[in-house]
Amino acid sequence: AGIGFVCGVDSTKMLLPVMGKEEVCALFKAKIDDALKQKTLVVGDELAALPANWLKVEVRFSMPGTASATITQSKSGKETVHPEIAVDVMDKAMGPADVKTLAAAVGQYLADKAQ
């Protein structure tokens, strides 16, 4: 059984250029898959559809230049909420490269936790 991947994004209008929710989620999924060295499976938010092991990433762009990600992880039905991971960019709006940086940080964090 694989790991389910659920992704939520808030306020992408803070990004320049504006990125769609799908694009942001795809970046996070790719970085997490790379870090964990396995493919996660995109699942909807319906709990019935979730496998026993899943990751939920909630990405929030709260101000121009600030992004954070909260990760909830379920292993065999036991849920853990991890500390928020944030990225700040000075003097400019956040762009795709900054989203990648945050996504990579999340992937690295999960890989370290999985050790």
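Description of the structure in this document. (Residues numbered from 1 in each chain as written. Predicted model: local features only at pLDDT ≥ 70, side-chain atom pairs only at ≥ 80, totals over all residues. Heavy atoms only, no water.)

**Points about helix α2 (residues 96–114)**
It helps to recall that an α-helix has 3.6 residues per turn; residues three or four apart then point in one direction. Where we set the bar: Helix numbering and strand numbering both begin at the N terminus, where a helix is a DSSP run of H or I of at least 4 residues and a strand a DSSP run of E of at least 2. Take the residue count of a helix, subtract one, and multiply by 1.5 Å to get its expected span. Here, residues are in contact when the closest pair of their heavy atoms is within 4.5 Å.
In this model, α2 (19 residues) spans 27 Å end to end at C-alpha, consistent with the 27 Å of a helix rising 1.5 Å per residue. The inward-facing, buried residues of α2 contact α1 (21–36), β3 (54–63), β4 (66–75) and β6 (85–88).

**Describing the nonpolar core**
What counts here: What makes a nonpolar core is a set of buried Ala, Val, Leu, Ile, Met, Phe, Trp, Tyr and Cys residues whose side-chain atoms join them at distances within 4.5 Å. Partly exposed describes any residue whose relative accessible area lies between the buried limit of under 20% and the exposed limit of over 50%, with all areas from a 1.4 Å probe on protein chains only and scaled to the type maximum.
Membership of the largest hydrophobic core comes to 28 residues, with the highest contact counts inside it found for Val24, Phe28 and Phe61. Residue assignment for this core shows that the elements contributing at least two residues are β1 (3–10), α1, β3, β4, β6 and α2. In terms of residue count, the dominant contributor to this core is α1 (6 residues).

**Structural notes on the pattern of salt bridges**
Note the cut-off: In the sections that follow, a salt bridge refers to a side-chain nitrogen of Lys or Arg positioned within 4 Å of a carboxyl oxygen of Asp or Glu.
Under the counting rule described, the total for this entry stands at 2 salt bridges. A salt bridge links Lys29 to Asp33; the nearest nitrogen and oxygen atoms lie 2.6 Å apart. Of the two residues, Lys29 and Asp33 are both situated in helix α1; the distance of 4 residues between them amounts to about one turn of the helix. Like Lys29, the residue Asp33 is buried in the burial classification.

**Here's the deal with the pairing of β4**
Selection rule: Note on pairing: DSSP must find at least two bridges between two strands before they are called paired.
Summarising burial for β4: 8 of the 10 residues are buried, a large majority. Relative to β4, β3 is paired through 9 bridges, and the arrangement is antiparallel. Within the sheet, the bridge partner assigned to Phe61 lies in β4 and is Ala67. Counted between consecutive antiparallel strands, the loop separating β3 from β4 contains 2 residues, among which Gly65 sits at a positive phi close to 90°. Bridge analysis of β4 against strand β5 (residues 78–81) gives 4 bridges, and the strand direction is antiparallel. Note on β5: the bridge partner recorded for Thr72 is Val81. Counting the residues in the hairpin turn of β4 and β5 gives 2 residues, including Ser76, whose phi is positive at 50°.

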